[in-house]
Every structure is written in structure tokens, then in C-alpha cells.
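Commentary on secondary and tertiary structure
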Amino acid sequence: MARVEKARGAKPMKERQGLFGEIDAAVRGAADMLTFGFMDEAAAAANSLIPLDKGSKSLWSQGVLSDPVGAFNRAYRSNVAQQRAIDRNDEQYNPGYRLAGQIVGGIAAPVPGASAIRASNLPNVARASGEGLVQGGLYGFGSGEGDLSNRSAMAGKEGAIGMLGGAAGHTIGKAIGKAATSKLVRKTAEKSTGRSFDIPSPLTQGQEVLFSTVNKAGPERAREALQEAVGFDVPMTLADTHPELRSLAGAAIRRSPTAAEYAESALVPRSRGQIDRFRSAVERDLGPIENIPRLSDDLINQARERASPLYEEAYAAPGRTSDELESLLHTPFGRSALARARTIAANERRDPTALGFDLDDQGEVIFTRAPSTQTLDYVKRGMDDVLEEYRNAITGRLNLDEAGRAQNDVRQKFIREVDTLNPVYAEARQAYAGPAGEREALALGQDAIRTNPDLLAVQIGNQSPERLAQMQTGFRGALVDAAERQRYSSNPFESTLGTPAMEKRLEILYPDSSANFLRHRDIERDMARTTNDILGNSKTAERALADQAFEGGALPSAALDVATNVAFGGVPASASILRAAGNYVRDAGRLGMFGNARRKAEEIAPILLNPNPASTLAQIDDIAAAQAARSDFIMNRDRLYGGVGGAVGVPLFLGGGQ
């Protein structure tokens, strides 16, 4: 029964004293909770039919034959009064036994909807309160007296008490569970029992800061970035993966000279290694790096070696001419080429007369006999020399006007005619043209790092596969040369590849692999930003660390930094003060203050700035696994102890207030 008035001055029932009375009080208490307060009515109804309890009345003694309903009602009311008198007696004289029974019954009572409440996403304490509300409401309705209105009011009252009991019991149970699994209790238990209790340890303070920041930044983002770094074989750190983690690393080195020393030992060699990673990235994504001057010499030597025997054979053939040849040489372009040929031969200290060149009365160059193939080759070189005036210095192509096109037409016809007169000459030219053309393509590729992308697309459009390969080789060599001219303090990826024009050149020359190469550039950009952010303001950090060595904290260094900046015109005073104060507050918020902050900094710096991404992945996985194990343990512990506490708290509050 709930909240029944205790009989003031009532004497204890004799039959309720002693061991059997105490046991019965406990049993009646359990039944009270199991039936949600309906036990007094149920027992009264049963005794009205078959009187089992001493002093109970039955309908048989109340004139059942003449008035069966009235007889039952009279017996039932008398028996209800008797049952409630027994409950009052137990509450007053056997309170502990009755309450113990109520607790057991309350725990065992099948609360309607309990499974749904426990399966909800509500916090544990809310679930305990919900079960208490339902159990208390049902108990209040069942233990209430009078009409429906009175019972409903009692249900609301007892529901509130049950909800409070569930919450209080859950909270107290959690506290007991926390104390029971504490390090001190565990060590004591292990010492006394000789057994080992495997309880997941909580994260250290440094690990907690790191774990929290990784979660804030996004653990998947950090993992993906580090996994990508493993694939690219770059020394990415955890601090490179997100601005929050980069900022945490900066806070760590401002709090500890040991952390700052670690940062310098990790980041400075990494920066110096960028040029080596640049070369490796070029070879991985674009192709091998060659010694361009040596390759150029090798190509021209190859051309000479291939063509020299053929040219000698062609030159040894008897001189020949034809009407077509004579006609071509009598064109204005042909006469200019003859003059140039004679001059070239003379400049090469060859006797023009021995080659068949002579001058007529007007000073025009003529042949004194049928020209040899060697002489005609000089004429061809003379034609090349004339046309060279049309060559565009930027594009490397002949920019011919109408006159130039006519001259080039004469040249082409002239070469075909000489090839016809001496087929070996054609073979010699072809043997020389292959390697020599590749050499030209090599030089064109070297110039491509400065060539307009649209023009570059035109240049490679008609290249043979061999010449395109040489252009790519020259481009790779020029890229590496440009990168190696940068200072160690600069980022060669950014300085060499950091323009839209260079991106387009790469896409034109390497359509299949430029994206991977440029992605490596972006990764190096993030890594360089970390180094600059953490080590860039090294003097400020050094002053902060020196102050801490004298137990002065970070504020004196910040003040000195402000004064220095203002004195030398670096930064306005207001900006310096705000920046210094902001850094101090942010760092204190992340790591705390004084010695505790220093310990955290020295713990997390080797993880944040570890240049081995595979190792870092393993470290953060270990921390995440430890945190998950600890969280699971706490959740299960709180659910167990809190659940038991809530289950005890509801009947304790419901029964204990009677």
C-alpha cells in the first residue's frame, strides 16, 4: 500500500512478531510490488471466497444464500481493511523486512514497455527515469484507495516518485560502479585475491587532447590523408592533415622546449628533402631524368655516326646535273643559295674552286662543271641558311610569307632532284635527320617550361612518337633544373608547378599522369604550410620557451614579442597584443597551464609531428582502439551498475516513503 496512515499508538500484531512474521512481511512486500499495489485487494478477494488468513471473513458467513453480491461485498470490505491493517503493522514494526521484499519485488516486476524504453536512444538516466515513471504510476494506481479520480491522482504522484527513484538509483549505482572499478580498488582486490582484473585504462591527458582534436577535425579525413601519403611515399605528419591539428602542434611547441626541439628535428630535414622528393615524383609520374647535355651530344654523335659513311659514299659519286636542277639554281632563291654555299665553304676553309664554284663576269656564282653531291649539299645548306631568317625564335618554326613559301618550295624540289640524281644522298640525309630531329625535339622540350600552353599544344601536335618522347625528356630535365635552383627554404613543388600555365603544360605533355604529379604537389603544399606555421615564427617560440625555463609562463614572452614588434615597426601594438593574447588563451584551452601543459605537449608532439605516416596511422588507431575499449567498458559498467541502481531505487523510493 502507498502512503497509508500509520496507526498512532497501535500495538504490534502478536502474530506478526517473530521470525515467521518477519518472513511474511518480506513476502507481502514483494507481492505488493509484483502486483503494482493490487496485492491487498487480490488477497481480500481470495479470502472472501476461501478464508485463509486468520480473522478474514467469507461470503459464506455473510448470508450468501439470501444476498450473494451483498455477502461478497461485505466480506471483501472487511478483508481489505484487514489486509491494510497488516500492511500498516508491517510498515511500522517490520519496516526493514517489508522494504527488502518490496525491493526484490520491484526488481522482478514486469514493467510494461520496459523493453522499448531500454532499446531507445535516450541517455541511461532517462531510461531509468522512464521505467520508474511507468512502474511508479502503475503502483500508485494499484495501491490507491477510493474512486478512479483518487487512484489517478495517486498514480501521478507515485509515478513522479518512481521517476525520481529511477534517476537517483541510476546515478548512485553509476557512482558505486565507478568507485568499485577504480584503480585503488582494483589494486587492492588484485593484492588480496592474487588475481588480475583486466580493466581498460583511460587515455592519458595528452592522448585525450589529441583524440578530441582528431575527432573535431574528422578522423576519416586524417586517415585518408595519411593513407594517401603512404601511397605517395611522402613524410606527412598528422599535423599536416587539418588546420586544427596544425594549430595544436603549434601550441605544443610553444609550451615545451622538448616539443620544439622535436618539431625542428622532424620538419627541417623534411623540408630539405623536398628536392629529392621532387626528383622522385618526376621519375615516378613523368619518366626518367636524363643528363640533357650529354643526351644532346649523344644524339648528334649518333646522327653523324649513322650518316657519315653514307655521306662519304654519296660525295664520292661523279658529279651530275639535270635540266630541273639547272632551272632551280637559276631562280633568285637558287642564286642566293649558291652565294651562301660558296661563302659557307670558304668559311670552312674549303677551296670553293675545287668544289666547282666560280664567279662570272657579273660576280654571280656559277658552276664550272657538273657539281658533285658534296657541292650540291653545300647549296642545300645555303638554302637552309636563307630560310633560317624566317624562323620564329619563340616557336622554333618557320614563319613563312608568300616569298618564303616560294623559296621553301624551290628548296623541297631541289632536294628531291638531288635525291633522284644520287639516291645514296637521300639515305645519308635520312640517317642524319632521325637523331638530329630528336635532338631538336629535346631542346624544344627544355624550352617548353616557358612556352605558352596553347602554342605547346600546337608544337606537339605533329610530332612523331620518337620526337615527342624526346620533348618529354627535355621537359623533365628542365623541370628538375628549375627546382634545383630554388633555395632550401622554399618549396620546389610550389615554385616550379604553382601556376595555372604549368598545370596546362603538364596536362598537354603528360595527359595520363599529370594529375597524380599535381596531387603530390598539393600534398607538399600542405606539408610546407605546417612547417612554416610551426617553425616560421621561431623567435617568438624561443622566447616563450626561455621564459618557461624561469617559471615565468608564456605571458612574459608574449609581452617581449609585442614590445619588439612595436619598437622595430613590425606590427601595430594592438595587433601584437591581440595576437599574443589569442595564442595564449588558445594554447591554455588546449593544453592547460604550467607543468601539466608541458607534459601534454611533450606527449603529443612526437605523434603530431611523426614524419612516418604509416606509423602515425598505427598510433592513432591504437589510441582510438584504447578509447573505444574504455568507452565500451564505461558504458557496460554504467549500464550494469546504473541499471541495478535504478531497479533498486524505484521500489526503494516507492516503498520507503510509506
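Keep in mind that this is a model prediction, so the values were computed, not measured.

**Considering the overall build of the protein**
Each helix and strand counted, the protein has 29 helices and two strands in total. Considering the protein as a whole, with its 658 residues, one finds that 43% of them fall into the buried category. Long-range pairs, those at least 24 residues apart, make up 73% of the contacts in the protein between residues at least 6 apart in sequence. Of the accessible surface of the protein, which amounts to about 34,000 Å², a share of 55% is contributed by carbon and sulfur atoms.

**So, the packing of aromatic side chains**
What the rule picks out here adds up to eight aromatic pairs. Taking 6.1 Å as the distance between ring centres and 10° as the angle between the ring planes, the aromatic pair formed by Phe 72 and Tyr 76 counts as stacked. In this pair, Phe 72 and Tyr 76 both sit in helix H3 (residues 68-93), four residues apart, roughly one turn of the helix. Judged by its relative accessible area of 23%, Tyr 76 is partly exposed. On the basis of an interplanar angle of 35° and a centroid distance of 5.7 Å, the ring pair of Phe 357 and Phe 367 is categorised as tilted. One end of the pair, Phe 357, is in strand E1 (residues 357-359); the other, Phe 367, is in strand E2 (residues 365-367), and ten residues separate them in sequence. Across this residue pair, the class does not change: Phe 357 and Phe 367 are buried. An aromatic cluster is defined as three or more aromatic residues linked by ring pairs; in this entry it consists of Phe 278, Phe 493 and Phe 517. Sitting over the face of the ring of Tyr 488, Arg 272 holds its NZ or CZ atom 4.8 Å from the ring centroid.

**Examining the nonpolar core**
Formed by 34 residues in total, the largest nonpolar core has its most connected members in Phe 357, Val 379 and Phe 414. For this core, the secondary structure elements donating two or more residues are helix H14 (292-316), helix H15 (323-329), helix H16 (332-347), E2, helix H17 (373-387), helix H18 (402-421) and helix H19 (423-447). Aside from chain neighbours lying at most four places away, what touches Phe 357 is Leu 338, Ala 341, Arg 342, Pro 352, Val 365, Ile 366, Phe 367, Thr 375, Tyr 378 and Val 379. Of all hydrophobic cores here, the second largest spans 33 residues; its members include Ala 222, Ala 225, Leu 238 and Ala 260.

**Description of the packing of H16 against H17**
With their axes 7 Å apart at the nearest point, H16 and H17 run at an angle of 110° to one another. Of the possible angle classes, the one that applies to H16 and H17 is roughly perpendicular. The residues of H17 that touch H16, namely those facing Phe 333, Ser 336, Ala 337, Leu 338, Arg 340, Ala 341, Ile 344 and Ala 345, are Tyr 378, Val 379, Arg 381, Gly 382, Met 383, Asp 385, Val 386 and Leu 387. Taken together, the residues of the contact of H16 with H17 break down into eleven nonpolar, two polar and three charged.

**Quick notes on the pattern of salt bridges**
One pass over the full model with this rule turns up 34 salt bridges. The residue Arg 98 makes a salt bridge to Glu 91 at a minimum N-O spacing of 3.7 Å. As far as the burial class goes, Arg 98 and Glu 91 line up, both buried. The salt bridge involving Glu 503 is made with Arg 521; its shortest N-O contact spans 2.8 Å.

**Side note on the environment of Arg 429**
Looking at where Arg 429 falls in the secondary structure, it is placed in helix H19. Note: C-alpha distance between Arg 429 and Asp 419 (ten residues apart in sequence) is 9.3 Å. The contacts of Arg 429, once residues within four sequence positions are left out, are Tyr 311, Ile 415 and Asp 419.

**Re the confidence of the model for the protein**
For the protein, per-residue confidence averages 83 on the pLDDT scale, and 88% of positions sit at 70 or higher. Within the model, the stretch residues 1-9 combines pLDDT values under 50 with 30 contacts to residues more than four positions away or in other chains. A low-confidence stretch, residues 566-570 stays under pLDDT 50, and its non-local contacts, those more than four residues away or across chains, total four contacts.

**Quick look at unusual backbone geometry**
Even without glycine at this site, Asp 233 takes up a positive phi of about 60°. At Arg 349, a position not held by glycine, the phi torsion is positive, near 60°. Positionally, Arg 349 belongs in the loop between H16 and E1. In this structure Arg 349 comes out as exposed when scored by relative accessible area, which is 79%.

**With respect to the environment of Val 650**
With respect to the helices and strands, the residue Val 650 is situated in helix H29 (residues 613-656). Judged by its relative accessible area of 3%, Val 650 falls in the buried class. On a C-alpha basis, the gap between Val 650 and Gly 169 in space is 7.2 Å, while along the polypeptide they are 481 residues apart. Residue contacts for Val 650: discarding those within four places in its chain leaves Gly 132, Gln 135, Gly 162, Gly 165 and Gly 166.

**With respect to the packing of H14 against H17**
The relative placement of two packed helices is expressed as an angle between their axes plus a distance between the axes. Where H14 meets H17, the closest approach of the two axes is 7 Å, and the angle between their N-to-C directions is 115°. Here H14 is positioned roughly perpendicular relative to H17, judged by the angle of their axes. Listed contacts from H17 to Tyr 311, Ala 314 and Tyr 315 of H14 are Thr 373, Gln 374 and Asp 377. Residues of the contact of H14 with H17, tallied by class, amount to three nonpolar, two polar and one charged.

Reading the values: rules and limits
- Residues numbered from 1 in each chain as written.
- Predicted model: local features only at pLDDT ≥ 70, side-chain atom pairs only at ≥ 80, totals over all residues.
- Heavy atoms only, no water.
- Helix = DSSP H or I, 4+ residues; strand = E, 2+ residues; numbered from the N terminus.
- Buried < 20%, exposed > 50% of the residue type's maximum accessible area, 1.4 Å probe, protein only.
- Contact = heavy atoms within 4.5 Å.
- Areas by Shrake-Rupley, 256 points an atom, 1.4 Å probe, with all protein chains shown as cover.
- Phe/Tyr/Trp six-rings, centres within 6.5 Å; stacked < 30°, edge-to-face > 60°.
- Lys NZ or Arg CZ within 6 Å of the ring centre and 35° of its normal.
- Core = buried A, V, L, I, M, F, W, Y, C linked by side-chain atoms within 4.5 Å.
- Axes fitted to C-alpha atoms, helices over the stretch in contact; angles between N-to-C directions.
- Parallel < 35°, antiparallel > 145°, perpendicular 65-115°, else oblique.
- Nonpolar A, V, L, I, M, F, W, Y, C, P; charged D, E, K, R; others polar.
- Salt bridge = Lys/Arg side-chain N within 4 Å of Asp/Glu carboxyl O.
- pLDDT = per-residue confidence, 0-100.

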